[in-house]
Amino acid sequence: MLLLPGFGTGGLVLTVDRLEHPALSFEGLSADFSSESRPSIRFERLRVGEQRWRRVELHCEAGGLSGARLWCRDGRLTAGARVLLPGRIDLQADLLGQHVALAIRLPDGGRIELGLNDARLEAQVEALALGHLAALLPGLQGWSPAGSLGGRLSWPLGEEAVFTGQLVDGAFTSADGLQAGEALAVDLSLSLNERAGGWHWRAELDWHNGAVYVDPVYVEARLGVSAEGTLSADRFDVVQAVLALEGVEQLALSASIDLAEGRLDRAAVSLVRADLATIGPRWLTPLLAPAAGERLWYAGWVSGGLRFEHGGVQALDAVFDQAGFSLQGADGGSGLAFGPVSGHLPWRQDATVHAALEIEGGRWQKLALGRFALNAEIRPQSLAIDRLRIPLLDGALVLDRLTLQRDDRGWRGRGEAVIEPVSMPLLTEALDLPMMSGVLAASMPGLTVSPGALELDGALVISVFDGYLQLTGLRVLEPFGVASHLHAEIEGRHLDLAQLTETFSFGSITGFIDIDVQGLELVRWRPVAFDARVASSPGNYRRRISQRAVQNIGSLGGVGAVAAIQRSLLGFFETFGYREISFSCVLRADVCTMSGIGAERPGGGFEIVRGGGVPALNVIGYNSRVDWRELLARLQRVIEDNASPEVR
């Protein structure tokens, strides 16, 4: 409803009930220039874009109406009891000639000028502090904006509006400090064309100075953006936006946003030939391994695309071209490397797609992987690999019929795994372990992965020291968590003591042993429970033990009298014959309860080594309960320890 102006003696009273426009609307406009002392303009409700105010008033220190000329000097703009702009406003308007001039003078020297002449709007902004915009736009207040904005707007009404501007010394900080920018310099060009139901817009942005931190990514200028789209009362569309980013041949996106619901309806992103050596340190390292930035290197290129609709990702593609990375060891060693990788990795929300990757190899320390191909069928919630063979040293790791399925609890899957024989000398050298002979081989017909758990059906077999170690009943809970938990059973048969003791510098023992570890339980990869037994293997073979080995075995069973060897004629012998070796440890509550051959001796103690041949000796242990940490300490210093077994 519009009430025509009423002219009094040198005055004007104007009321407008309501005005609606996509960019601006108001209710209850009243303008009173009937008094030259305190003229005013009042809006009961005012909306500019998405910002809304109530009881907005312009109070003039002086003003009035002289003929068709309306003027206001030193005006103050308020909303209720709050000052919207700290500066002063000067207004002049020719009601007949359609000429309007508005100037806003800010206390820090900033200035905004608007002029309407012959249906053409011109605006000039000089040194406008962003803090003043934050007062008008509450959404900016939590970001502590700083810097100044300058620019010019030219708008022949009914035609294209063009704004060009610059941000100088821009800065911002979020309330939590996880997003911030400083020393920002940005050039902006924006054009608007009014169309039925809204606006068509084009924008050019050149960020050429400063830096932005968006946890955990730190980015320095430079970035260029060229975009266009449409804007209406309830929708903002980016038809196309092209970003000029260092190291990327092209990065483009489009999007559609429902302003009424505050919802992203759709978006699409296209990446063409991004140089990983350039974008990796800047964008990937802060996300993947921020603490290893100086040791992580990238190579090759990646392209890709993403499509978002209906509240979720609908399609994703990644294309690799000789892509790879390497992580130098913390001590300057060889560390980890993977690639180059080439191929296509797709995903679709509503279809089954095929992934094909060629991996040239990899390396962890000295452990090398050979070239292999990865082919997989990828469905919306699952992945299937028929067969994957990864060369490992002189053997291979083979995965068959591997399937992974995603549900509400996470990923779970099942498959079969085989380790084709790998040379133990090569493997132990690559892992910087004591040199061992034999081969590592494994057959795992049932390998199950579920959220927080890994289970093995079948046996993991290691052929080593002319015998084997077999692991069964393996179950790992939270393998990568702080509360990792492992259960397993271990069986070792016919292990060559000569090779074993030589490998670990234990002294010299000839013969063979069997090992059984039942109920093995590890928490945080440390043993908390097991029932272990080491005993001589059955059969006929040479059985000799050196004085050094006698001392070391005796140290595990408690203090004896090894000095008796030196005090007796037996001290002249370097080795002794034995008939049997047996040692058991039951670990509970950090205490190892030990025993030896047969029952406890009548006089106390237990036999660890029972003598046989010429010369022969028995090694007796006396401490049947030993703190587990103390036992580990004994093993670590076993060569230097001089604990004395009893020799008979």
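Scroll up for the structure.
For clarity, every value in this text was computed on a predicted model and none was experimentally measured. (Residues numbered from 1 in each chain as written. Predicted model: local features only at pLDDT ≥ 70, side-chain atom pairs only at ≥ 80, totals over all residues. Heavy atoms only, no water.)

## Considerations on the overall build of the chain
Applicable threshold: The way it works is that DSSP assigns letters per residue, a run of H or I at least four long becomes a helix, a run of E at least two long becomes a strand, and they are numbered from the N terminus. The buried label applies to any residue whose accessible area, calculated with a 1.4 Å probe on protein chains only, is under 20% of its type's maximum; exposed applies above 50%, and partly exposed to all values in between. In this analysis, two residues are considered to be in contact whenever any of their non-hydrogen atoms come within 4.5 Å of each other. With residues, only the protein chains shown are counted as cover, and all accessible areas are computed by Shrake-Rupley using a 1.4 Å probe.
In terms of regular secondary structure, the chain is built from seven helices and 44 strands. Here the chain holds 648 residues, and 39% of them are scored as buried. For the chain, the proportion of contacts with a sequence separation of at least 24, taken over those separated by at least 6, is 43%. About 34000 Å² of surface is accessible on the chain, with carbon and sulfur atoms providing 57% of the total.

## Focus: the side chain of Ser537
To be explicit about the condition: In protein, a polar contact requires one atom able to donate a hydrogen and another able to accept it; more generally it is a pair of N or O atoms within 3.5 Å, and residues adjacent in sequence count only if both atoms are side-chain atoms.
Residue placement: Ser537 occurs in the loop between β38 (526-536) and β39 (544-546). With relative accessibility at 3%, the residue Ser537 sits in the buried group. For Ser537, the side chain forms a polar contact with the main-chain oxygen of Ile513, separated by 3.2 Å. Separated by 2.7 Å, the side chains of Ser537 and Asp514 make a polar contact. Excluding anything up to four places from it in sequence, Ser537 contacts His494, Phe512, Ile513, Asp514 and Arg543.

## Focus on the environment of Val168
Assignment of secondary structure puts Val168 in strand β14 (residues 160-173). Between the alpha carbons of Val168 and Leu149 there is a distance of 6.5 Å; along the sequence they are 19 residues apart. When sequence neighbours within four positions are dropped, the list of residues in contact with Val168 reads Gly147, Ser148 and Leu184.

## Brief notes about a nonpolar patch on the surface
Note the following rule: Residues qualify for a patch when their relative accessible area is over 30% and they have no salt bridge, like charges being joined within 9 Å and the nonpolar side chains of Val, Leu, Ile, Met, Phe, Trp and Tyr within 5 Å. Between Lys or Arg on one side and Asp or Glu on the other, a salt bridge is scored when a side-chain nitrogen of the former is within 4 Å of a carboxyl oxygen of the latter.
On the surface, Phe325, Leu336, Phe338, Trp364, Leu431 and Leu433 cluster together into a nonpolar patch covering about 500 Å² of accessible area. With respect to the helices and strands, Trp364 occurs in strand β26 (residues 362-364).

## A look at the state of the cysteines
Going by this rule: The rule for a disulfide is simple: a pair of cysteine sulfur atoms within 2.5 Å.
One pass over the full model with this rule turns up two disulfides. Bridging Cys60 to Cys72, the disulfide has an S-S length of 1.9 Å. Handedness here is read from the sign of the S-S torsion; for Cys60 and Cys72, about -110 degrees, the answer is left-handed. You can see Cys60 sitting in the loop between β5 (51-59) and β6 (62-66) and its partner Cys72 sitting in strand β7 (residues 69-79), a full 12 residues away along the chain. In this structure Cys72 comes out as buried when scored by relative accessible area, which is 2%. At a sulfur-sulfur separation of 2.0 Å, the disulfide partner of Cys585 is Cys592. Residue Cys585 is classed as buried on the basis of its relative accessible area of 5%. Cysteine pairing in the chain follows 1-2, 3-4, where each cysteine in a disulfide is numbered by its order in the sequence.

## Quick word on the environment of Phe172
For Phe172, the location among the structural elements is in strand β14. Separated by 10 residues in sequence, Phe172 and Glu182 place their C-alpha atoms 6.8 Å apart. Leave out the neighbours within four places in its chain, and Phe172 touches Trp143, Ser144, Pro145, Gln179, Ala180, Gly181, Leu184 and Val212.

## A few points about helix α2 (residues 276-288)
The criterion, for reference: An expected span of 1.5 Å times one less than the residue number is assigned to each helix. What we call the bend at a residue is the angle made by axes fitted to the seven residues finishing there and the seven residues starting there.
The first and last C-alpha atoms of α2 sit only 14 Å apart over 13 residues, clearly below the 18 Å expected at 1.5 Å per residue. The largest bend along α2 reaches roughly 40 degrees and is located at Arg282, with the proline Pro286 sitting one to four residues downstream. All of the buried residues along α2 are Leu276, Ile279, Gly280, Thr285 and Pro286. On its buried side, α2 packs onto β17 (217-220), β20 (248-258), β21 (263-275), β22 (296-309) and β23 (312-327). Measuring from the side-chain oxygen of the N-cap residue of α2 to the backbone nitrogen of Ala277 gives 3.0 Å; that N-cap residue is Asp275.

## Here we look at the nonpolar core
Going by this rule: The set of buried Ala, Val, Leu, Ile, Met, Phe, Trp, Tyr and Cys residues whose side-chain atoms join them within 4.5 Å is what this entry labels a nonpolar core.
Within the largest apolar cluster, 64 residues are counted, with the highest numbers of intra-cluster contacts made by Ile509, Phe530, Ile545 and Val609. At six residues, the largest contribution of residues to this core is made by strand β40 (residues 575-588). Beyond its immediate chain neighbours, meaning those up to four positions away, Ile509 contacts Leu497, Ala498, Thr501, Arg544, Ile545, Ala549, Ile553, Tyr578 and Ile581. In terms of nonpolar packing, the next biggest core, distinct from the first, is built from 28 residues, Leu167, Tyr298, Phe308 and Ala323 among them.

## Considerations on the environment of Gln381
Within the secondary structure layout, Gln381 lies in the loop between β28 (372-379) and β29 (382-392). Apart from the residues within four sequence positions on either side, Gln381 is in contact with Leu404, Gln405, Arg406 and Trp411.

## What to know about the pairing of β5
Definition in use: Here the rule is simple: two strands pair whenever DSSP picks up at least two bridges between them.
Of the pairings in the sheet, the one linking strand β4 (residues 40-48) to β5 comprises eight bridges and is antiparallel in character. Along β5, the bridge assignment pairs Ser40 with His59. Relative to β7, β5 runs antiparallel, the two sharing four bridges. Directly across from Val56, in β7, lies its bridge partner Ala79.

## Examining the pattern of salt bridges
For side chains bearing opposite charge, pairing can occur when the charged atoms are close. A complete count under the given rule lists 31 salt bridges for this structure. A salt bridge links Asp90 to Arg105; the nearest nitrogen and oxygen atoms lie 3.0 Å apart. Residue Asp90 is found in strand β9 (residues 88-94), and its partner Arg105 is found in strand β10 (residues 99-105); the two are separated by 15 residues along the sequence. Look at Asp90 and you get partly exposed, because its relative accessible area is 22%. Among the residues examined, Arg105 registers a relative accessible area of 29% and is labelled partly exposed. Its salt-bridge partner being Arg152, residue Glu122 comes within 3.6 Å of it at the nearest N-O pair. Within this pair, whereas Glu122 is found in strand β12 (residues 120-129), its partner Arg152 is found in strand β13 (residues 146-156), the two being separated by 30 residues in sequence. Relative accessible area serves as the criterion here: at 43%, Arg152 is assigned to the partly exposed category. Within this structure, Arg235, Asp258, Arg263 and Asp265 form a network of salt bridges that share partners.

## Quick notes on the packing of aromatic side chains
Selection rule: By convention, a stacked pair of Phe, Tyr or Trp rings (six-membered ring in the case of Trp) has centres within 6.5 Å and planes under 30 degrees apart, an edge-to-face pair has planes over 60 apart, and any other such pair is tilted. Note on criteria: charge over ring means Lys NZ or Arg CZ within 6 Å of the ring centre, with the direction from the centre no more than 35 degrees off the ring normal.
As enumerated under the stated definition, the model contains seven aromatic pairs in all. Here the aromatic rings of Trp201 and Phe236 are separated by 5.4 Å at their centres, their planes lie at 5 degrees, and the arrangement is stacked. Of the two residues, Trp201 is situated in strand β16 (residues 198-214) and Phe236 in strand β19 (residues 235-245); the sequence distance between them amounts to 35 residues. With a relative accessible area of 26%, Phe236 lands in the partly exposed category. For the pair Phe325 and Phe338, a centre-to-centre distance of 6.4 Å together with 35 degrees between the ring planes defines the contact as tilted. Linking Phe325 in strand β23 with Phe338 in strand β24 (residues 336-348), this pair joins segments that are 13 residues apart in sequence. Judged by its relative accessible area of 33%, Phe325 is partly exposed. The ring of Trp301 has Arg273 sitting right over it, with the charged end atom 4.2 Å from the ring centre.

All we've got here are geometric facts, nothing functional implied.
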